[in-house]
Amino acid sequence: MRPLRLMFEGFGSYRDRTDIQLSDVDFFVLTGPTGAGKSTVIDALCFALYGTVPRWGKGNVIRNALAPSVNEGKVCLVFEAAGGRYAAVRLLRRTAQGNVQTKEARLDRLDDSVPADADLTKILEAVAESRAEGDKVTGAVAGLLGIGYEQFTQCVVLPQGRFAEFLQAKPSDRQDLLIALLAYAVYEDVGQRARERAKVAAGRLEMAEQRLAELGTVTDDVIAAATRRVADLEGLVSTVDTAVEEMAALRTKWTEANAAAATVREQVTTLAALRRPGDVTDLSTRLALADELVGKRAAERTEAEAAEQAADKACTGLPAAADLQRWRDAHTRSATLTGRLERLRTTAERAEADDQKAADELAAAETALAEAETAQRDTDREHRAVALAADLVAGEPCPVCRQQVHDLPHHEVPADLDAAREAVKQARSRLTAARRAHADASKAAAAARADVTSAQKQATELAAELRDAPAAGEVDERLAERETADAAAERARVAARAARNAVEQAQRARAALGEEEKRAWSSLRASRDSFVALGVPAVDGTDLAAAWDALLAWARDRRAELEDRAEELAAAEGELRAKGTAARAELTGLLDKHGVALPDNGKPDVVLAGQVERARAELADRIERRDKSRSLATEVSKHKEEQQVAKELGNLLKSNGFEAWLCAEALDSLVTEASEILLQLSGGQYELHRAERNELVVVDHNDAGAQRPVNTLSGGETFQASLALALALSHQVVGLSGGKRDLNSMFLDEGFGTLDESTLDTVAATLERLAAETERMVGIVTHVPALAERVPVQFAVTRDGASSRLRRVEV
């Protein structure tokens, strides 16, 4: 684990944001007065990874994490580990009750393409993978670094007051730390795999032994016998093939004779089965009767069609029934219209007279109204003051003098003025009534004139329609004559239609018999065609019965000839069968002598070929089994050895003695290097040794090499021994863990004030060499100026009233 960036804000004594760039630093020192906040920087690094700090006591106590009077804080560490770049971030907050809680925690793998000295926000945003959040972050960090919080604070961060823990620890506690640092889980994994491999090897051994037992033992004699069997059977192949060919020739001849005999027997059977259908004679009689009926129905049809033509001709000289009916209807309508026209004319004349009378009355009413209005005007002039007073309104100006009217004058209306006004009113009423009566009379006269005009038009149209028509009486006579002729023509058409239907029915019946006749001839020809191969003669003539007689006579003669031929073929077939049976019996005996059983229906060459293939397969199987048994024997030996080796390795790595031995060896290596460093630091006075029970003791060369426990050393001597052991552990951790623990950082938070100038110089040189030769980051906290001056990068820590502050000082 190598830090690249450390940022904290509101943490410990640091209220303000502090961002420390460590990517270009191998050896640095934190300097400053006591209480300035130097150790808080190391605390922030430890808290970012594990969520706690050694100085706080219990691991779950974080009440001291927040700076005083702040409610939120943040710690972020960007570091390299296991070949990747990671960021551990923890956010803190103070609750309303004053308690401090972890608000957020996360561990992310970052994209290392972003420069380590870039803006921190940009670095943190380049998340390649989220590895853990919340309570799982501490465990994920331990898994990533390979060590937990307790081991981290003993070999990476050595805080104040706990510098000598590893030196003075109990052997069992020291062994636990070494087990973690040595990646002992690798050995446990190797042991587990070895034991699993032993089980697998044992299973394979058992299977190989079982397969070997199943194969059995195959000797060379068995293989030799199988070889001779193959050669013996292969020698029979040519003999059997020749015999099979001869038998095949006999079978071919027998098959031909058998097929010929079967064909002749089938032909005899077919000829014997030939029979004339029973309805052939009856069909000839029915055909003659059908032809006679067709002729009779045709004569009847001719007679009916002649009568139909005569009736149609009789109708041709008469007017059409529709025309006669139309003329009769027109005569009827004309008679009716003549009487109606007279009535309409009388009505029109009376309406005209009424209209004229109403016009005269209207003129008289208009004259009376004019006279009444003239009389009223004359009376109004005589009594104008009364009329003017009637129009005055109190408060309004007078229309004559334009003075305001205050009191309305009262005048009695004269009697003659009222009479004049009443006369005008009545005259107007009579005029209105006269106008209404004149309008009604005018409408009635116009309607009467329209009715007369319409009737006259209809009369004109009827006259035009009847211009060429006979008289009414003559039309009735001709219509009756036409109806009689039409009825006679319809009867003739019905009779002709019935005669034609009778002809068609007779023809259909004859046609049906014709189809039956065709089928009978087709049946005869089909029966004849089945014997074409036998030389049957062709069917001639039109007499169906005679044709059947000729075919049956030929069939009797031909069947007698074929029966003689069938007897000859049966004799030849029996002779060929006897020869084939004898040849097969001879071949069966030959195969039986060589141990080959020939089934009743088996083919000798096929059976022999199968026996040859089986013998070859058995030979190949025996050879394969012999080779497999030899290979399995070698495999059994191999699996047995693998099982023994894996079992022994698993048992060795499983024992507690291996763990103790491994820790003892690691501790010896650490003690050896630590002793060399301690000799330099103590001026050659002290060395470290491992006692029998893995306890650490010091050898005091100023006391004749006396050995004593490490807890008897003074404070300064304890610091020297602890520092020597810590430097050795930091230097060897990679080698001791087989590369599994890449803890290439070391942070010492311990005062160096107890060291004299010479020892201090030795410590400084050792730390410089550790940082330079191992590419390890080394950080120290000190108040000693002489030591700080030798460190290439210094971080000066100060504190004002509000917050601790840190700045980088290049030496």
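In what follows, the structure referred to is the one given above.
Let me begin by describing the structure that accompanies this report. These numbers come from a predicted model, not from an experiment.

**Notes on the overall build of the protein chain**
Part 1: Within the protein chain one finds 19 helices and 15 strands.
Part 2: Looking at the protein chain residue by residue over its 811 residues, the buried ones come to 39%.
Part 3: Pairs at least 24 residues apart make up 70% of the contacts formed inside the protein chain by residues separated by at least 6 positions.
Part 4: A total accessible area of about 45000 Å² is found for the protein chain, and carbon and sulfur atoms account for 50% of it.

**Some thoughts on unusual backbone geometry**
Part 1: A positive phi angle, close to 50 degrees, is found at Ala 82, a residue other than glycine.
Part 2: The topology assignment puts Ala 82 in the loop between strand E4 (72–81) and strand E5 (84–94).
Part 3: With a phi close to 60 degrees, Ala 704 is a non-glycine residue in the positive phi region.
Part 4: By the secondary structure assignment, Ala 704 is in the loop between strand E10 (696–700) and strand E11 (706–709).

**Remarks on helix H3 (residues 136–145)**
Part 1: All of the buried residues along H3 are Val 137, Val 141, Leu 144 and Leu 145. An end-on view of H3 places all buried positions within 85 degrees of arc, on one side of the element. For H3, exposure combined with an orientation more than 90 degrees from the buried face picks out Lys 136 and Gly 143.

**Concerning a negative patch on the surface**
Part 1: Negative charge collects at one region of the surface, where Asp 241, Glu 245, Glu 246 and Glu 586 lie side by side.
Part 2: Residue placement: Glu 245 occurs in helix H8 (residues 220–272).
Part 3: Overall, Glu 245 belongs to the exposed group, its relative accessible area being 56%.

**Quick look at the sheet that holds E10**
In a beta sheet, neighbouring strands are held together by backbone hydrogen bonds and run either parallel or antiparallel to one another.
Part 1: On the basis of which strands lie adjacent, the open sheet formed by three strands has the order E9-E10-E11 and antiparallel pairing. Edge positions in the sheet fall to strand E9 (686–690) and E11, since each has one partner strand and no second. Here the average twist between neighbouring strands, direction ignored, is 35 degrees.
Part 2: Bridge analysis of E10 against E11 gives four bridges, and the strand direction is antiparallel.

**Thoughts on the layout of surface pockets**
Part 1: Roughly 490 Å³ of internal volume is contained in the largest pocket.
Part 2: In this structure, the largest pocket is lined by 17 residues; those nearest its centre are Met 247, Arg 251, Gly 580, Thr 581 and Arg 584.
Part 3: At the level of elements, H8, helix H14 (544–593) and helix H15 (604–654) are the ones that each hand at least two residues to the lining of the largest pocket.
Part 4: A per-element tally of the lining of the largest pocket places H8 first, with six residues.
Part 5: Looking at the lining of the largest pocket residue by residue, the classes come out as seven nonpolar, four polar and six charged.
Part 6: Empty space within the second largest pocket amounts to approximately 240 Å³.
Part 7: Around the second largest pocket sit 17 residues that line it, and Gly 37, Lys 38, Ser 39, Thr 40 and Arg 55 are the ones nearest its centre.
Part 8: Here the lining of the second largest pocket takes four residues from helix H1 (residues 38–50), the largest share from any one element.
Part 9: Here the lining of the second largest pocket is composed, by residue class, of four nonpolar, nine polar and four charged.

**A few points about empty space enclosed by the protein**
Part 1: A full pass over the atoms with the stated rule returns three cavities of 30 Å³ or more.
Part 2: When its volume is computed, the largest cavity comes out at roughly 60 Å³.
Part 3: In terms of lining residues, the largest cavity is bounded by Leu 6, Ile 20, Leu 22, Phe 28, Leu 30, Val 41, Ile 42, Leu 45, Phe 747 and Phe 795.
Part 4: Counting residues per element, the ones that place at least two in the lining of the largest cavity are strand E3 (27–31) and H1.

**Some details on the sheet that holds strand E1 (residues 2–9)**
Part 1: Across the sheet, six strands lie side by side as E2-E1-E4-E5-E6-E7; this open sheet has antiparallel pairing. The two strands at the open ends of the sheet, each matched to only one other strand, are strand E2 (18–21) and strand E7 (127–133). Within this sheet the neighbouring strands show an average axis-to-axis angle of 15 degrees, counted without direction.
Part 2: Across seven bridges, the pairing between E1 and E4 is antiparallel. Across the sheet, Met 7 pairs through a bridge with Cys 76, a residue of E4.

Rules behind the numbers
Residues numbered from 1 in each chain as written. Predicted model: local features only at pLDDT ≥ 70, side-chain atom pairs only at ≥ 80, totals over all residues. Heavy atoms only, no water. Helix = DSSP H or I, 4+ residues; strand = E, 2+ residues; numbered from the N terminus. Buried < 20%, exposed > 50% of the residue type's maximum accessible area, 1.4 Å probe, protein only. Contact = heavy atoms within 4.5 Å. Areas by Shrake-Rupley, 256 points an atom, 1.4 Å probe, with all protein chains shown as cover. Arc of directions from axis to C-beta. Patch = residues over 30% accessible without salt bridge, like charges linked within 9 Å, V, L, I, M, F, W, Y side chains within 5 Å. Salt bridge = Lys/Arg side-chain N within 4 Å of Asp/Glu carboxyl O. Lys, Arg positive; Asp, Glu negative; His and termini not counted. Charge placed at Lys NZ, Arg CZ, Asp CG, Glu CD. Pairing = 2+ DSSP bridges. Axes fitted to C-alpha atoms, helices over the stretch in contact; angles between N-to-C directions. 1 Å grid on protein atoms, 1.4 Å probe; cavity = no way out; pocket = protein on both sides within 12 Å on 5 of 7 lines; lining within 4 Å. Points joined across faces, edges and corners; volume = space filled by probe spheres on them. Nonpolar A, V, L, I, M, F, W, Y, C, P; charged D, E, K, R; others polar.

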